[in-house]
Amino acid sequence: MDTNLIQVLWVEDDPDNIQFYPIEASRYGLELVPFCCWEEAEEALVSDFKRWSAIILDAKCKYKKGDHDNAQRFLVHALSSITKICAEQKRVIPWFVLSGGSEEELNDLIIDNREEWDGDWKEKKFYSKATDRDLLFHRIPYKAKLSPEMQIRLVYYPDVFKAINRSGLDREVAIYMEELLLPIHARNFSGKEYNNMMTNVRKCIELIFTSMAENGILPNKKKDGKYVLSDKLVDKRGSINTTWCSLILSGKGIHFESTNILPNVLKDSFHRLIEIAASYEHIDNKNADEEQKKNSRQAPEFLDSIGNPPYLLQSMALELCNIILWYANYLEEHDDEEINALNWEILQ
């Protein structure tokens, strides 16, 4: 998946269309992800709901894999499912019908709520594969940007999400960052609800450290043909010791000789993010000692005492943006994992 492209769930079973339409759509910043029937597409929609910014349906398609193409059976089930799933998730994903059929065949099958996002398309209720395909691909990015999530990725922080993609970070980083940044601009989150996302900061940092090991920037070992974090940086449960990793990046290695690669402006913020984010997890962590639990209560109790404002986590989310941008640039300048890893192989 290319996180710079708008992700479109696409139900289509014509092999020729599946081969050529994605090439056309990519010119408009779209990645069409094909499914041959609604049963498979629905599973992808439910299991990875946050991924999708638009849906395209070929009207004459299959409801289930073993079915024959049947516009009525397919569209009735698909549109009903989309409406229900979006209502449960409390987010509307704009959908569009792209078909080679006629108005006589399709008009009665396409429900009127399409007008909520596509009401300015007055020509007909669907788009013709023969004449309207490019127009639909042109329109979808503008419709998708109407969603708050796409505004976060494409309008407010495009450099951050491009950096996530450039550096090859796990796509979960993009999801966690979207969740952290969205409430800065959307006002329908309570402070308490937002502050409970504090663990997203820790998850992002762990995935960045994992990527650093894969690229030889942190002490590593080879496992199954790729580099992973050294055993000395992972506890018995497989959890990453983020504090040690950050110290190594700052040139203060505990188990390893290390060179400072962090810019001075990021040294303190890296440690601060780790310390505060970890505090939210020690409270209920059965493996944390009493001192950790006592210290961990300080951040939540402090926020509770002043009414749970969002500003601490907002500042941490924005600091993470700086770290991601720095990492992407650093990795482009040090892109040979064998050379990067050589330092750790010598030391070990």
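Keep in mind that this is a model prediction, so the values were computed, not measured.

Caption draft 1: Here's a closer look at the packing of aromatic side chains. For the coordinates displayed, the defined rule picks out ten aromatic pairs. Taking the centre distance of 5.5 Å and the plane angle of 75° together, the rings of tryptophan 95 and tryptophan 117 count as edge-to-face. Of this pair, tryptophan 95 sits in strand S4 (residues 95–99) while tryptophan 117 sits in helix H5 (residues 115–118), and the two are 22 residues apart along the sequence. Pairing phenylalanine 96 with tyrosine 127 gives two aromatic rings, centres 6.2 Å apart and planes at 70°, and the pair type is edge-to-face. Within this pair, whereas phenylalanine 96 is found in strand S4, its partner tyrosine 127 is found in strand S5 (residues 127–128), the two being separated by 31 residues in sequence. Tyrosine 127 shares its class with phenylalanine 96; the two are buried. Joined through ring pairs, the aromatic side chains of Phe96, Trp121 and Tyr127 make up one cluster. Above the plane of the ring of phenylalanine 126 lies lysine 124, whose end atom (NZ or CZ) is 5.8 Å from the centre.

Caption draft 2: Representation of the sheet that holds strand S1 (residues 6–11) within the structure. Ordered in space as S2-S1-S3-S4-S5, the five strands form an open sheet in which the pairing is parallel. Two strands close off the open sheet at either side, each with one partner strand: strand S2 (30–35) and S5. In this structure, S4 lies alongside S5, joined through two bridges in parallel fashion. By the bridge assignment for S5, serine 99 is matched with serine 128. Packing of helix H2 (residues 38–47) onto the sheet brings it into contact with S1, S2 and strand S3 (54–57), and relative to S1 it is tilted by some 150°. Helix H6 (residues 133–144) rests against S1, S2, S3, S4 and S5 of the sheet, and its axis sits at about 175° to S4.

Caption draft 3: The arrangement of helix H11 (residues 199–214) in detail. The first and last C-alpha atoms of H11 sit 23 Å apart over 16 residues, in line with the 22 Å expected at 1.5 Å per residue. Downstream of H11 by a residue or two, glycine 216 has a phi angle that is positive, lying close to 75°.

Caption draft 4: Here's a closer look at the environment of glutamine 151. Relative to the elements of secondary structure, glutamine 151 occurs in helix H7 (residues 148–156). Sequence separation between glutamine 151 and histidine 185 is 34 residues, and the spatial gap between their C-alpha atoms is 9.6 Å.

Caption draft 5: Region of interest: unusual backbone geometry. A positive phi is found at asparagine 308, a non-glycine position, where the angle reads about 50°. The residue asparagine 308 is located in the loop between helix H15 (298–305) and helix H16 (311–333) in this model. A relative accessible area of 12% means that asparagine 308 is categorised as buried.

Caption draft 6: Broad picture of the pairing of S4. Counting buried residues in S4 gives five out of five residues, a clear majority hidden from the surface. By the alternation rule, side chains of S4 split into Trp95, Val97 and Ser99 and Phe96 and Leu98, which are all buried. As paired elements, S3 and S4 share three bridges and run parallel to each other. Across the sheet, residue isoleucine 56 finds its bridge partner in S4, namely phenylalanine 96. Handedness of the crossover joining S3 and S4 through helix H3 (residues 71–89): right-handed.

Caption draft 7: The pattern of salt bridges, seen in detail. Considering all chains together, one arrives at 18 salt bridges under this definition. The salt bridge partner of glutamate 40 is lysine 65, with a shortest N-O separation of 3.6 Å. In this pair, glutamate 40 is assigned in helix H2 and lysine 65 in the loop between S3 and H3, connecting sequence segments 25 residues apart. Judged by its relative accessible area of 29%, glutamate 40 is partly exposed. Measuring nitrogen to oxygen at the nearest pair gives 2.8 Å for the salt bridge that ties arginine 166 to glutamate 332. Taken as a pair, arginine 166 in helix H8 (residues 158–166) and glutamate 332 in helix H16 lie far apart in primary sequence, 166 residues in all. One network of salt bridges, in which partners are shared, links Arg114, Asp118, Asp120, Arg139 and Lys143.

What counts as what
Residues numbered from 1 in each chain as written. Predicted model: local features only at pLDDT ≥ 70, side-chain atom pairs only at ≥ 80, totals over all residues. Heavy atoms only, no water. Phe/Tyr/Trp six-rings, centres within 6.5 Å; stacked < 30°, edge-to-face > 60°. Helix = DSSP H or I, 4+ residues; strand = E, 2+ residues; numbered from the N terminus. Buried < 20%, exposed > 50% of the residue type's maximum accessible area, 1.4 Å probe, protein only. Lys NZ or Arg CZ within 6 Å of the ring centre and 35° of its normal. Pairing = 2+ DSSP bridges. Contact = heavy atoms within 4.5 Å. Axes fitted to C-alpha atoms, helices over the stretch in contact; angles between N-to-C directions. Expected span 1.5 Å × (residues − 1). Right-handed = clockwise from strand over helix to strand, strands pointing away. Salt bridge = Lys/Arg side-chain N within 4 Å of Asp/Glu carboxyl O.

No statement about biological role is implied by the geometric values presented.
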